[in-house]
Each structure stands twice: as C-alpha cells, then as structure tokens.
Amino acid sequence: MRKLLFKNLIQRPLTEPRPPADDALLADLAERLATSSRRALGRSLSIREVDAGSCNGCELEIHALANVYYDLERFGLRFVASPRHADVLLVTGPVTKNMREALERTWHATPDPKWVVAVGDCALDGGPFAGSYAVVGGVSAVVPVDLHIRGCPPSPKALLEGLIALVESKSVAGPR
Amino acid sequence: MSLQSELLESGTPAPQRPWPRAVVTKDAWRRCIRELAAGNATLLGYWSDGEAVHMALIEPEAAEPQPFTPFVVSLPCPDGRYPSVAGAHPPALRLERAIHDLHGLTPVGLPDARPWLDHGRWGRHPLGARQEAPADGLGYTFLPVEGPPMHEIAVGPVHAGIIEPGHFRFTASGETVVRLEQRLGFTHKGTESLMAGATVERAARLAGRVSGDSTVAYALAFAMAVESATGLEAPPRAVWLRAVMAELERLANHLGDIGAICNDAAFALLHAHCGALRERVLRAAAVSFGHRLMMDRVVPGGVACDLDDGGAAAISSLIADMRRHFPELVELYENTTSLQDRTVTTGTLDPGLARRYGAGGYVGRATGRTFDARRWPGYPPYPELAFEVPVRSEGDVDARVWIRIHEVYQSLALLEQCLARLPRGRVLSGKIVAGPGEGVSLVEGFRGDILAWVRVAGDGAIARCHLRDPSWFQWPLLEAVVEGNIVADFPLINKSFNCSYSGHDL
C-alpha cells in the first residue's frame, strides 16, 4: 500500500479541469430561479439520487461523477443518504407506477428550498418506455422539475455541466 | 437415453432454433418437475407467451464435454392453469409468481401466491386478459417471524446510496440477521408488452435497456435470438467486434464492482483506483464505438459501427495500461488484512444451493459451478478463442472478488486475441429480417447468463420476446447467504452479488 501511496504523491492528479457551465442551461435556470425565494444556501448543494425506474445506465454515469477524473465534491456538490439532508433530488428513469408513491414521498421528505433535476432521456418523457402500462411517464408528471439533463445516459461531463449551471444560477439569482 | 431425448420424443416438436423445443403433455411436464427437484436438470429459464408456459432446461454440468444442448419444453394452458413447478422446485417460485401477475395463468400448487411484480398499480394481468383494478397499491404481507428478541429493519425502495430501488426487510436478533426478505418489482417497466408488436429495431433498443450495465450482453442475446429465428447472419467481423464490446463491458463492470465491494468495507483507496481504471475503459469504449456504455451498438444482423485504427489503438493502449496498473491493485487487495477480515468467510453460499438454483456468473463460479455460457453451450467467436473459466469453491465475498479479478485478466487476454485476429469486411448484414420463426440464445454477461427467447411474426415484427436476467436465480440466494451475518456486512455481501433490479423487474 505504501508503494502505491508514494507513487500517487509524485504522479500528477488525474482530475480534470472543470467543464464550463452550459450557457443555455444557465440562462434558462436564471430565468426560472429568479422568481424563487431569496434565502441563500451558498455555493454548495447536497444531492439525493432517486432511481424512479431507470435501467441503471444513468446510475452508472452518476457514480462516475465521484471518480477521480470528475471529482464532484470539489464543486461543493455531494451525495447524501437521506432526502431530509438534500437540496436537490436527482431523479432518473421513466417513473414507473410502482415507484410513483416512493418518489412523491421522497419529494415531500425533502425540506424547502429544493430543486429537482431530471436525468436522462427517460426522465424527460418516459423515453423508449413511454406508453407502457407500467410507466407514468417523465419525472415532471409526478414532481415539478427545475432542470433536465439529456442523454441516454448523459455522460458524466454533461451531468457536471448541468449541476454546475444549477449551482451558479442559484447563487446569481438567489434560490427560492 | 437422456432426459432430453425422452422428453423431446414424447412431445410435438415446435419450430425453434438453435435449441429444440417440444410441446409436451401434463404428464411429461410433471416428469420435468420431478427431475428438477431431484437435481437431474437445471432450470435455465421459465416464461409464458400467454397461451403456454415454457421451461428451458439443461442437464447438469456433468463431465466435459457437455453432451446435451439446452432444450425447451412447452405446456399449453387452454384453461389458464398448469401444474406448479415451484411446489417442488423453489428456484421457479418468483418466475411463477411473475407469470401469474403478467399473464393471469395460474400455477396449481404454487406455495406462495402473493403477487410479485404486481404491486397493485397497473390493473391485473397486463399481458393476458387484462382486468382493470384499483391502482392505489396492494398491501404485502411479509413472512411472519416468531420468537423474542427480534426486531425488523425495513430498507427501501429508495436506498441510501446511488442504487436501484427495491425493498429489503431484515429481521435481526441483535446484530445478527435472522432473515432477509426481498420485495422487488419497483422498476417494472412492462418491457415485454412494449416489445410485442414492435419492429426489430425498436425491440433491440428496448433489449439494450433492460439492464443498462449489461446493455451489450442484452443487445447481443436479443440479436442472436433474432438471427436464429430468421436465418439472418452477422458478418464475421461483426461477430468478433461483438466479443470486443462484450469483454470491454465485462471489464468495466468487474472493475466497478471490485472497487465498490472494497468501498463497502470502508477501503476507499482501492475504490478510487478501480474507479479510475473503469473510467479509462469507458473512455476507450467511447473512442472505439462512440458510446461509453456501447448502447445500441450490437444490432440484429451485425454491429452498428465499425472499429477504426484509432479505436483499436485506444483499446490496445487500455490493455497495456491495465496490465501495468491492475496487478498492483490485486496485490493491495491480497495484502490488506483489514480488508480480508471483512471479505473472507462473509456471506458464504452453500454449493448445493448454487447448483440447485443454477446460479450463473461470479455467484456460481465462486461456489464451484463451472458454468459459463461462452464456453458452453458457446457462441462465436469464443470457441475459437483461448480462455479459462476461473472457478473457486469458498463461496464467500472474497471468492466472488477473486473470480472477478481472474476474469479481468481473462477479458484482457480475450481482447488481445480479438484485436489480433479481427477479420476484415463489412459489419452489418444487408438482409432484411423476415419471419415467422422462433429463436433462443444464451449470452454470458458480466453478471451471468442472459437468456433471450424471441418469436418473430410473418411481417418481421416481434410477436413475443422474453429476456431472463441472471439475477432471477441470484436474488433468492442473497437472501440465503445473509442469514447469520451481521447487519453491517449486508452492503458488502449485496455488492458482491450486485444483482440487477431493472433486469429482474423487466
């Protein structure tokens, strides 16, 4: 173990520079969040991930955010274990009928102010699962969505861009 | 005479490729149940098309070479009833409950009649004679527990980590788990109903989204089943490229799992290093095939994109990188006693149980089963490649980690062979999918063997499709191995199984 640790001391870090926040997302968010309340949370967000029925592809890329290349926590973004500790719900999947109530309850358990970020094409409108007897549809069919990050699944870079846009627009516009 | 030839001779042959299928009588069905219960056959898959129930069976992994192919027996259920397999053979239990939920066919003698995938949210029997029903949810009675001093811990469906939804009900005596009961079905998306009547292209996209971590394996299983059903043939280069993608997928998942298991034992260093290696695999996949998880790249008739020189170079440098760094991590795993203390003798699976359930993947191979679908029944190009199927007998978390470690090396060797011998030519067959026909396939995903069965209609659309995730036969074993362990070891044991929720829930 010592060998490996020493090697890491002299090796340059693998972590990459931060991607720029997506301008279109920023503008969109600034507009939406401007109308919201004024209490500031500072430049950090606690995120609770909720899989509302995804194929687990989105979860793999959300997991990747924590690896040394993307190192999510340096942006003040961190995943928490309980919705009661969260500012943001990161919701994936078409919302299945079997998960609808769990998603609603999680949303209600999250204290205000809160944001919902829908992740992946399924989370927009159900994606390829739209129209199934077992699927409600996109996340916005169940809880209000503030930001949607597209992709099947979105790459960690796209996720990071979206989340950074959320942090920045929030500190510009003031959170709700 | 083998069980297979007896059963097939007594029944009416049905058109299915490449494994034989026979429509059998109730007596022959009961014979199958007896053979399963006696351990003379292993249940490989169990599904319904609404009119009949079908069982895919293999005779046990006896001495190599395996003399028998898998085969399928079908029992028509004109009155909506059939003799329950689960009554005598528990591995069929959840599958039978699911068949009842979806199709409304009643297994007579089913020992546990609680709904499984149906949570009372979408009407009854959506794939059969659909009945409207109140959608406000069904209550679910967990198995009773008696005797003090016990307490229950309810976990999920929304878990504390970034994982899929499912419910675990623990009954514990102090720190020791007395029983774990799972309740799954939360991610049920009605994939089979969406596939019925879909075009082959749309169905292939759905197949690739049954379990995102196994998207290549699922797309491959589906493509091979469609190709068997319709006589479509993938060009040789495509066959080899499929193996490249499949091994990259296995590599990425095994690295993710090894790291995550260590992380659940609070050893973050290995998690960080394995995470970096996994990221490099995904980046190489993106360079080579245009998508980090290689979704929608394997299609019936071949593959959707070719590998250029830049892509091949990216994979070669990945292999070199892995060969340099991975052994250091293995050494670290092996020499960290505090980590070994958590993984060795934790969550030990009984070999008899693994055999009975036909547990695939690292769950089976860490417990003495030699089954690997790439080796047997085998599919191209694997019979032409040199690789070993690592097997251990301990059956604990440590053994499941070691199987993954060995398989990482095997996958690297397979990738090297594939790149060196990649044939030239086109990658997609020009032939149009035409039916009718029935095909079945078995593909080794990173988690275990995935079974795909497909019936293609005369117009080339998918009439029915069933995809069986390896998790169906692994989830129940997780319940068994947790017993007697402490609650704090559950995350570790669970991660060492890493069953798919979405793949199971469909």
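Residues numbered from 1 in each chain as written. Chains lettered and ligands numbered in written order. Predicted model: local features only at pLDDT ≥ 70, side-chain atom pairs only at ≥ 80, totals over all residues. Heavy atoms only, no water.

1. Brief notes about the overall build of chain A
This is how the line gets drawn: Helix and strand labels come from DSSP, where a helix needs a run of H or I of at least four residues and a strand needs a run of E of at least two; each type is numbered from the N terminus. Type-normalised accessible area, obtained with a 1.4 Å probe on protein chains alone, sets the label of each residue: buried when under 20%, exposed when over 50%, and partly exposed for intermediate values. Contact between two residues is taken to exist if any of their heavy atoms lie within 4.5 Å; hydrogens are not considered. Using the Shrake-Rupley algorithm and a 1.4 Å probe, accessible areas are obtained, with residue cover drawn only from the displayed protein chains.
Each helix and strand counted, chain A has six helices and seven strands in total. The helix and strand sequence of chain A, counted from the amino end, reads α-α-β-α-β-β-β-α-β-α-β-β-α. Residues classed as buried in chain A amount to 56% of the 176 residues present. Excluding contacts between residues fewer than 6 apart, the proportion of contacts in chain A whose partners are at least 24 apart in sequence is 86%. When the accessible surface of chain A is totalled, it reaches about 7500 Å², and 55% of it is carbon and sulfur.

2. A few points about the sheet that holds strand S2 (residues 77-79) of chain A
Residues and elements named next belong to chain A. Which entries qualify depends on this criterion: For two strands to be treated as a pair, DSSP must find at least two bridges joining them. Only the contacting stretch of a helix is used when fitting its axis, a line to C-alpha atoms as for every element, and angles between N-to-C directions run 0 to 180 degrees.
The parallel open sheet is built from five strands, whose spatial order is S2-S1-S3-S5-S7. Single-partner strands in this sheet number two, and they are S2 and strand S7 (147-149). Mean inter-strand twist for the sheet, computed between neighbouring axes without regard to direction, equals 30°. Summarising the sheet, strand S5 (residues 115-119) and S7 pair through three bridges and their orientation is parallel. Across the sheet, Ala 118 pairs through a bridge with His 148, a residue of S7.

3. Let's talk about the domain arrangement of chain B
Residues and elements named next belong to chain B. The following threshold applies: By convention here, the domain bounds are inherited from an automatic or database domain assignment. Throughout, buried area stands for the accessible area (probe radius 1.4 Å) lost by two parts on being put together, summed over both. A pair is scored as a salt bridge if a Lys or Arg side-chain nitrogen falls within 4 Å of a carboxyl oxygen belonging to Asp or Glu. Think of a polar contact as two N or O atoms within 3.5 Å of one another; within protein, one of them needs to be a possible hydrogen donor and the other a possible acceptor, and neighboring residues in sequence only count if both atoms come from side chains. Note on residue classes: Ala, Val, Leu, Ile, Met, Phe, Trp, Tyr, Cys and Pro are nonpolar, Asp, Glu, Lys and Arg are charged, and everything else, Gly too, is polar.
Looking at chain B, the domain boundaries give domain 1 (3-108) and domain 2 (198-470). Each of domain 1 and domain 2 has a C-alpha centre, and the two are 27 Å apart. Taken together, the contacts link 26 residues of domain 1 with 25 residues of domain 2. Together, the buried faces of domain 1 and domain 2 total about 2200 Å²; carbon and sulfur atoms form 56% of this surface. Viewed at the interface, domain 2 and domain 1 are joined by two salt bridges. Where Glu 438 meets Arg 21, a salt bridge forms, and the shortest distance between an N and an O atom there is 2.9 Å. If you look at where domain 1 meets domain 2, you find nine residue pairs in polar contact (both at pLDDT 80 or more). Broken down by secondary-structure element, the contributors of at least two residues to the side of domain 1 that touches domain 2 are strand S3 (42-48) and strand S4 (52-58). Ranked by residues supplied to the side of domain 1 that touches domain 2, first place goes to S3 with five residues. Residues of the side of domain 1 that touches domain 2, tallied by class, amount to 13 nonpolar, nine polar and four charged.

4. Brief notes about the packing of helix H9 (residues 309-335) of chain B against helix H14 (residues 397-421) of chain B
Residues and elements named next belong to chain B. Applied cut-off: Roughly parallel here means an angle under 35 degrees, roughly antiparallel means over 145, roughly perpendicular means 65 to 115, and every remaining angle is called oblique. Working rule for handedness: look at the near helix, and if it is turned counterclockwise from the far one by less than a right angle, call the crossing left-handed; if clockwise, right-handed.
At a minimum axis distance of 11 Å, the contact between H9 and H14 shows a crossing angle of 155°. Taken as axis vectors, H9 and H14 run roughly antiparallel relative to one another. Considering how the two elements wind past one another, H9 and H14 form a crossing that is left-handed. Contact with H9, carried on its side by Ala 312, Ile 315, Ser 316, Ile 319, Met 322, Arg 323, Phe 326, Pro 327, Val 330, Tyr 333 and Glu 334, involves Asp 398, Val 401, Trp 402, Ile 405, Val 408, Tyr 409, Leu 412, Ala 413, Leu 415, Glu 416 and Leu 419 of H14 and no other residues of that element. Residues of the contact of H9 with H14, tallied by class, amount to 17 nonpolar, one polar and four charged.

5. Section: the nonpolar core
Residues and elements named next belong to chain B. The following threshold applies: By nonpolar core is meant a set of buried Ala, Val, Leu, Ile, Met, Phe, Trp, Tyr and Cys residues that side-chain atoms within 4.5 Å join together.
Core analysis: the biggest nonpolar cluster contains 179 residues, and Trp 29, Tyr 46, Met 55, Phe 222 and Phe 289 have the highest contact counts within it. Per element, the largest residue contribution to this core is 15 residues, and it comes from helix H7 (residues 236-264). There are two domains that each give this core at least three residues, and those are domain 1 (3-108) and domain 2 (198-470). Not counting chain neighbours up to four residues away, the residues in contact with Phe 222 comprise Val 200, Ala 203, Ala 204, Ala 207, Pro 300, Ala 452, Val 454, Ile 462 and Cys 465.

6. A few points about the confidence of the model for chain B
Note the following rule: The predictor rates its confidence in each residue with pLDDT, a number between 0 and 100.
Per-residue pLDDT for chain B averages 94, and the proportion of residues at 70 or more is 98%. Model confidence for the complex is summarised by a pTM of 0.95, with the ipTM given as 0.94.

7. Some words on the pairing of strand S10 (residues 176-183) of chain B
Residues and elements named next belong to chain B. Bridging between strand S9 (residues 167-173) and S10 involves seven bridges; their strand directions are antiparallel. In the sheet register, Ala 172 faces S10, and the bridge partner there is Val 177. Remark: two residues form the turn of the hairpin made by S9 and S10, two consecutive strands paired antiparallel; Gly 174 in that turn has positive phi of roughly 65°.

8. Some details on the interface of chain A and chain B
With 50 residues of chain A at the contact, the number on the chain B side is 53 residues. The junction of chain A with chain B conceals about 4100 Å² of combined surface from both sides, 60% of it contributed by carbon and sulfur atoms. Here chain A and chain B share four salt bridges between them. At the surface where chain A touches chain B, the tally comes to 30 residue pairs in polar contact (both at pLDDT 80 or more). Those elements giving two or more residues to the side of chain A that touches chain B turn out to be helix H1 (2-10), strand S1 (45-51), helix H3 (57-64) and helix H4 (100-109) of chain A. For the side of chain A that touches chain B, the element with the most residues is H3 of chain A, which contributes seven residues. Among the residues forming the side of chain A that touches chain B, the class breakdown is 27 nonpolar, 13 polar and ten charged.

9. A look at the pattern of salt bridges
All names here are of chain B. Summed over the entire model, instances satisfying the criterion amount to 40 salt bridges over all chains. The partner of Arg 455 in a salt bridge is Asp 49, with the nearest N and O atoms 3.0 Å apart. Of this pair, Arg 455 sits in strand S14 (residues 449-456) while Asp 49 sits in the loop between S3 and S4, and the two are 406 residues apart along the sequence. The partly exposed category is assigned to Arg 455, whose relative accessible area is 21%. Since its relative accessible area comes to 4%, Asp 49 is described here as buried. Across the pair Arg 342 and Asp 489 runs a salt bridge whose closest N-O atoms are separated by 2.9 Å. Of this pair, Arg 342 sits in helix H10 (residues 337-343) while Asp 489 sits in the loop between helix H15 (475-482) and helix H16 (490-497); the two residues are 147 residues apart in sequence, bridging distant segments of the chain. Overlapping salt bridges bring together Glu 247, Arg 250, Arg 365, Asp 372, Arg 374, Glu 407 and Glu 444 as one network.

10. Focus: the state of the cysteines
Heads up, the rule is: In this description, the term disulfide denotes a pair of cysteine sulfurs within 2.5 Å.
For the structure on display, the rule yields zero disulfides over all chains. Unpaired in this structure, Cys 152 of chain A has its nearest cysteine sulfur neighbour in Cys 122 of chain A, at a distance of 5.8 Å. By relative accessible area, which is 24% here, Cys 152 of chain A ends up partly exposed. Cysteine Cys 262 of chain B is unpaired, with the sulfur of Cys 274 of chain B as its nearest cysteine sulfur at 6.4 Å.

11. A closer look at H7 of chain B
Given 3.6 residues to a turn, an α-helix orients residues that are three or four positions apart in the same direction. Residue and element names in this part refer to chain B. Here is the rule: Multiplying 1.5 Å by the residue count of a helix minus one yields the expected span of that helix.
Here H7 spans 42 Å end to end across 29 residues, near enough to the 42 Å set by a 1.5 Å rise per residue. Taking burial as the measure, the 29 residues of H7 include 25 buried ones, the bulk of the element. Ala 266 sits one or two residues past H7 and shows a positive phi near 65°.

12. Points about the sheet that holds strand S13 (residues 437-444) of chain B
All names here are of chain B. Strand order across the open sheet formed by three strands is S13-S14-S15, with antiparallel pairing between neighbours. Strands with a single pairing partner mark the edges of an open sheet, and in this sheet they are S13 and strand S15 (462-468). Direction aside, neighbouring strands of the sheet carry axes that sit 10° apart on average. Sheet topology note: the S14/S15 ladder contains six bridges and is antiparallel. If you follow Trp 453 over to S15, its bridge partner there is His 466. With respect to the sheet, helix H6 (residues 215-230) is in contact with S13, S14 and S15, its orientation differing from that of S13 by roughly 150°.

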